[in-house]
Amino acid sequence: MLKNATLLITLLISFIGNSQVDTIAVKSIEGITNKMIALISGEKDEPRNWDEYRNLFLPTAQKISINRKAPPKKQVRTMNLEEFVRNVGPLYKRDGFDEVSIGLTINEYNGIANVFQSYYCKNLIGTYEKRGINSYQLVYADDRWWIASTTFINETDDNKIPNNYLNKEHQTKN
């Protein structure tokens, strides 16, 4: 009897946890990339759904950030998914964060894709506001898209996002 009750509780918890995952988002490239930035966005002190976030990625996924202003040998920061959630995740909750897509360029062949998603982002305490590009490596497996890795870099005064990576309303006039 106790074994049956334990099994029932385990199945119920699993069902509840899985029912909160947005399975529609992972069916398209635009859906999964937009879902990633939606899940890190939110008001100050608003908890993020890190389980749903993890569901977008392969277990071995890497998060890579590039900072050209950092000293040599510190310009590239690589984290696995758990390091990202542990080290960067609390900042999103503490300061609030908003990121939106301002352009999407997709190159896809036979279940692999490279995607440039131009973004505008800011924290909600007014100390950070940037544009840049998220580069995704995606794979299609098990009837859905998975993020294998993301690399992002912010735009600089010397290196603006090219217009071909921006939606029309965000392009600079020449």
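Scroll up to find the structure this text is about.
Rules and cut-offs
Residues numbered from 1 in each chain as written. Predicted model: local features only at pLDDT ≥ 70, side-chain atom pairs only at ≥ 80, totals over all residues. Heavy atoms only, no water. Pairing = 2+ DSSP bridges. Helix = DSSP H or I, 4+ residues; strand = E, 2+ residues; numbered from the N terminus. Axes fitted to C-alpha atoms, helices over the stretch in contact; angles between N-to-C directions. Buried < 20%, exposed > 50% of the residue type's maximum accessible area, 1.4 Å probe, protein only. Salt bridge = Lys/Arg side-chain N within 4 Å of Asp/Glu carboxyl O.

Novice: I keep staring at the sheet that holds strand S1 (residues 57-66) and nothing clicks. Help me out?
Specialist: Hydrogen bonds along the backbone pair up the strands of a sheet, which may run parallel or antiparallel. As summarised here, the arrangement of the six strands in space is S2-S1-S6-S5-S4-S3, forming an open sheet in which the pairing is mixed. The strands lining the two open edges of the sheet, one partner per strand, are strand S2 (76-80) and strand S3 (97-109). Looking at each pair of strands side by side, their axes are set apart by 20° on average, direction ignored. Pairing analysis gives six bridges linking S1 to strand S6 (residues 144-154), with the strands arranged parallel. Across the sheet, the residue bridging to Phe57 is Ile147, located in S6.

Novice: What am I meant to see in the pairing of S1 here?
Specialist: Regular strands place side chains that alternate from one sheet face to the opposite one. Summarising the sheet, S1 and S2 pair through five bridges and their orientation is antiparallel. Directly across from Gln62, in S2, lies its bridge partner Asn80.

Novice: Could you clarify how one ought to interpret the environment of Tyr140 in this entry?
Specialist: Residue placement: Tyr140 occurs in strand S5 (residues 129-141). Here Tyr140 falls in the partly exposed class, since its relative accessible area comes to 36%. Sequence separation of Tyr140 and Ser28 is 112 residues, and the distance between their C-alpha atoms is 9.4 Å.

Novice: I'm lost on the pattern of salt bridges in this one. Help?
Specialist: A side chain of one charge can pair with a side chain of the opposite charge when the charged atoms of the two come close. Under the definition given, this model contains seven salt bridges. Its salt-bridge partner being Lys27, residue Asp143 comes within 3.0 Å of it at the nearest N-O pair. You can see Asp143 sitting in the loop between S5 and S6 and its partner Lys27 sitting in the loop between helix H1 (2-19) and helix H2 (29-40), a full 116 residues away along the chain. Taking the relative accessible area as the measure of exposure, Lys27 reaches 43% and is therefore partly exposed. For the salt bridge of Arg94 with Asp95, the shortest nitrogen-to-oxygen distance reads 2.7 Å. Several salt bridges converge on common partners, so that one network encompasses Asp51, Arg54 and Glu82.

Novice: Would you mind showing me how to read unusual backbone geometry here?
Specialist: Trans is the prevailing form of peptide bonds, just as negative phi is the prevailing case for residues other than glycine. One non-glycine residue, Lys73, lies in positive phi territory at about 70°. Following the sequence through the fold, Lys73 ends up in the loop between S1 and S2. You can call Lys73 exposed: its relative accessible area is 86%. Residue Asp143 is not a glycine yet carries a positive backbone phi of 65°.

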